[in-house]
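These are the residues of each chain, in order.
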Amino acid sequence: MPSLFSWIGSHVFDLISAAGIIAGLAFTTASFREDTRSRRLSNLVRLTEQHRDIWEESQNNPKLARIRDPHADLYTKPVTQEETQFVMLLMFHLHCWYRAIQEGEVSVLEGLELDIQNFFHRPIPRHVWSERRAFFDSDFRHFIDGVLKK
């Protein structure tokens, strides 16, 4: 036993240094996890606020009422520039959600695919998507097209 105590005595600084390094790594790991959770929650709140603001605009602007109309007749009244811009805004917002999900910044939303199907099966969004889908990267286009085929 004297050799153990003498070894500890001669290496006490090394032991304290190692314990400090391990404690520092544990603290850094815990801090990183908390920062990640906080960032993900912040991203979710921000995307949700943007979603609310976008749909609030459609509710408050009577010129955008046809976007939600499942029977909008595009032959007698073609899609307006204002409707196209609004649908594009929604598509860019959806693209942000898609990227955030792909990067693990937010969780996959239950019902997201059903929401996409419901929205893009309406005449105006479907028309704008078919005309403007080239503005988006190929993996997003494949994702939307795959959801719409279901």
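Below, the structure is looked at part by part. Note that the structure is a prediction, hence the values are computed from the model and not measured. (Residues numbered from 1 in each chain as written. Predicted model: local features only at pLDDT ≥ 70, side-chain atom pairs only at ≥ 80, totals over all residues. Heavy atoms only, no water.)

1. Regarding the pattern of salt bridges
Under the convention used in this document: Note on definitions: salt bridges are taken to be side-chain nitrogens of Lys or Arg within 4 Å of carboxyl oxygens of Asp or Glu. A run of H or I in DSSP counts as a helix once it spans at least four residues, and a run of E counts as a strand once it spans at least two, with each numbered from the N terminus. Exposure is judged per residue with a 1.4 Å probe applied to protein chains only, and the accessible area is read against the type maximum: over 50% gives exposed, under 20% gives buried, and values in between give partly exposed.
Applying the stated criterion across every chain yields a total of six salt bridges. With a closest N to O distance of 2.9 Å, Glu83 and Arg66 form a salt bridge. Taken together, the residues span a long stretch of sequence, with Glu83 in helix H2 (residues 81–102) and Arg66 in the loop between helix H1 (2–60) and H2 at a distance of 17 residues. A residue is classified by how much of its surface remains accessible, and Glu83, at 1% relative accessible area, is buried. Residue Arg66 is classed as buried on the basis of its relative accessible area, which comes to 14%. A salt bridge links Glu113 to Lys150; the shortest N-O distance between them is 2.8 Å. With Glu113 in helix H3 (residues 112–120) and Lys150 in the segment after helix H5 (138–149), this residue pair connects regions lying 37 residues apart in the sequence. Judged by relative accessible area, which is 32%, Glu113 ranks as partly exposed. The class of Lys150 is exposed, set by a relative accessible area of 63%. The network of salt bridges with common partners includes Arg99, Asp137 and Asp139.

2. So, the packing of H2 against H5
Each packed pair of helices is defined by two parameters, the angle between the axes and the distance between the axes. The line we're drawing: Axis definition: a line fit to C-alpha positions, over the contact stretch in the case of helices; interaxial angles, taken between N-to-C directions, run 0 to 180 degrees. Working definition: roughly parallel below 35 degrees, roughly antiparallel above 145 degrees, roughly perpendicular at 65 to 115 degrees, and oblique for all remaining angles. Here, residues are in contact when the closest pair of their heavy atoms is within 4.5 Å. Just so you know the grouping, Ala, Val, Leu, Ile, Met, Phe, Trp, Tyr, Cys and Pro go in nonpolar, Asp, Glu, Lys and Arg go in charged, and all remaining residues, Gly too, go in polar.
At a closest axis distance of 11 Å, the pairing of H2 and H5 adopts a crossing angle of 100°. Comparing their axes, H5 and H2 come out roughly perpendicular. Between H2 and H5, the contacting residues are Met91, Leu94, His95, Tyr98 and Arg99 on the first element and Asp139, Phe140, Phe143 and Ile144 on the second. Taken together, the residues of the contact of H2 with H5 sort by class into six nonpolar, one polar and two charged.

3. Section: the environment of Gln59
Locating Gln59 in the fold gives a position in helix H1. For the pair formed by Gln59 and Asp73, sequence separation is 14 residues and the distance between their alpha carbons is 20 Å.

4. Side note on the environment of Leu109
You can see Leu109 is positioned in the loop between H2 and H3. On the basis of relative accessible area, Leu109 is assigned to the partly exposed category, the value being 32%. Through-space distance from the C-alpha of Leu109 to that of Glu56 is 20 Å; in sequence the pair is 53 residues apart.

Distances and angles like these do not, on their own, reveal function.
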